[in-house]
Amino acid sequence: MSQPIYELTTLEIKVFSNPKVYAALQQHLPDAGGELLGVFAADIGELSRVLVLRRFDSADAQAQARQQLLLQKDPLGCGEWLLSMQSDNYALFPFLAPPQPGKMGRWYEFRTYHLRQGTLAETIEAWKEAVPARVALSPMVGAFAALDGEQPRFLNIWTYDSLEDRARIRGEAVQQGIWPPKGGPANLTKMQSTVCAPVAFSPLA
């Protein structure tokens, strides 16, 4: 059985073009392939970026959709406002349930961690032990291992009702010894975070 592929596409767009981009994405994404899980606007981090999260049944289905997108003169109807577009492929950590559409929080934090070579398997095991206690404090959309790129890395997506809740919950998790996973930080080489808000038509809201 083929493993589902999760694709995160980041659109860098012209400043203040967000409403036009959202309208174009709402029109064109249904025909772009895969299952749309979420569309998010960056609010903290690198701005003027829209993140699109999709799930594909197989690597072949994802590759076909990617090729179709790259051949378009007007990708996703956003060509007029598009400055750059990057797509990354991920596999869900095997112990996690697949993300499902629904309302999870006002804010979604996308955290990308780069890893030392050869430490992905032990990182997944450490997360497997630590995640149950951590998600009791705030929901997690998922954690995903990157399938492309030179540097091993993984993406984790968390949701919060407010930025104040985010700061409080993260502090509590550290204070209680729930988070980070035991031994996890020693394997990290780089961390990046973007806090986003779901757009009006995002299945994850």
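Criteria and cut-off values
Residues numbered from 1 in each chain as written. Predicted model: local features only at pLDDT ≥ 70, side-chain atom pairs only at ≥ 80, totals over all residues. Heavy atoms only, no water. Buried < 20%, exposed > 50% of the residue type's maximum accessible area, 1.4 Å probe, protein only. Helix = DSSP H or I, 4+ residues; strand = E, 2+ residues; numbered from the N terminus. Arc of directions from axis to C-beta. Contact = heavy atoms within 4.5 Å. Phe/Tyr/Trp six-rings, centres within 6.5 Å; stacked < 30°, edge-to-face > 60°. Lys NZ or Arg CZ within 6 Å of the ring centre and 35° of its normal. Pairing = 2+ DSSP bridges. Disulfide = S-S within 2.5 Å. Axes fitted to C-alpha atoms, helices over the stretch in contact; angles between N-to-C directions.

Moving on: helix 1 (residues 18–28). Those residues of helix 1 not exposed but buried are Asn18, Val21, Ala24 and Leu25. Along the axis of helix 1, the buried residues cluster in a sector spanning 125°; they form a single face. Relative to its buried face, helix 1 has exposed residues pointing more than 90 degrees away, namely Pro19, Lys20 and Gln27. Packing partners of the buried residues in helix 1 comprise strand 1 (5–13), strand 2 (35–44) and strand 3 (49–56).

With that out of the way, let us pick up the packing of aromatic side chains. Counting across every chain of the model gives 11 aromatic pairs. Ring centres of Phe93 and Trp127 lie 6.0 Å apart, and the angle between their planes is 80°; this geometry places the pair in the edge-to-face category. On the criterion of sequence distance, the pair formed by Phe93 in the loop between strand 4 (82–92) and strand 5 (107–115) and Trp127 in helix 3 (residues 120–135) is long-range, its members being 34 residues apart. Assessed through its relative accessible area of 1%, Phe93 is described here as buried. According to the relative accessible area criterion, Trp127 is buried, its value standing at 3%. Ring geometry for Trp127 against Trp179: centres 4.8 Å apart, planes inclined by 80°, an arrangement best described as edge-to-face. Here the residue Trp127 occupies a position in helix 3, and Trp179 occupies one in the loop between helix 4 (163–175) and strand 8 (188–198), the gap between them amounting to 52 residues. Each member of the pair, Trp127 as well as Trp179, carries the same accessibility label: buried. The positively charged end of Arg134 is found above the aromatic ring belonging to Trp158, 4.3 Å away from the centroid.

A word on the pairing of strand 3. Counting buried residues along strand 3, eight of its eight residues qualify, which places the element largely inside the surrounding structure. Here strand 3 shows a buried face lined by Arg49, Leu51, Leu53 and Arg55 and a second buried face lined by Val50, Val52, Arg54 and Phe56. Sheet analysis places strand 1 next to strand 3, joined by eight bridges and oriented antiparallel. Note on strand 3: the bridge partner recorded for Leu8 is Leu53. Between strand 2 and strand 3, which pair antiparallel in sequence order, lie four residues; one of them, Gly45, sits at a positive phi of approximately 120°.

Moving on, we get to the side chain of Arg111. One can find Arg111 in strand 5. With relative accessibility at 9%, the residue Arg111 sits in the buried group. The residues touching Arg111, leaving out its near neighbours within four places in the chain, are Phe154, Leu155, Asn156, Trp158, Arg166, Arg170, Gln192 and Ser193.

Here the focus is the state of the cysteines. Considering all chains together, one arrives at zero disulfides under this definition. For the unlinked cysteine Cys78, the closest cysteine sulfur is that of Cys196, found at 16 Å.

For Val39, the position within the fold is in strand 2. For the pair Val39 and Pro198, spaced 159 residues apart in sequence, the C-alpha separation works out to 5.8 Å. Not counting the four nearest positions on each side in its chain, Val39 is found in contact with Leu25, Leu29, Val50, Leu51, Val52, Ala197, Pro198, Val199, Phe201 and Ser202.

This part is about the sheet that holds strand 3. Spatial strand order, 1-3-2-8-5-7-6-4: eight strands in a closed barrel with antiparallel pairing. Averaged over neighbouring strand pairs, the angle between their axes works out to 35° when direction is ignored. Relative to strand 4, strand 1 runs antiparallel, the two being bridged by eight bridges. Considered in strand 4, the bridge of Glu12 is made with Ser84. Across the face of the sheet, helix 2 (residues 59–71) comes into contact with strand 1, strand 3 and strand 4 while running at roughly 180° to strand 4. The sheet contacts of helix 3 involve strand 5, strand 6 (140–146) and strand 7 (153–160), and relative to strand 7 the element is tilted by about 10°.

Treat this as a map of the structure, not an account of what it does.
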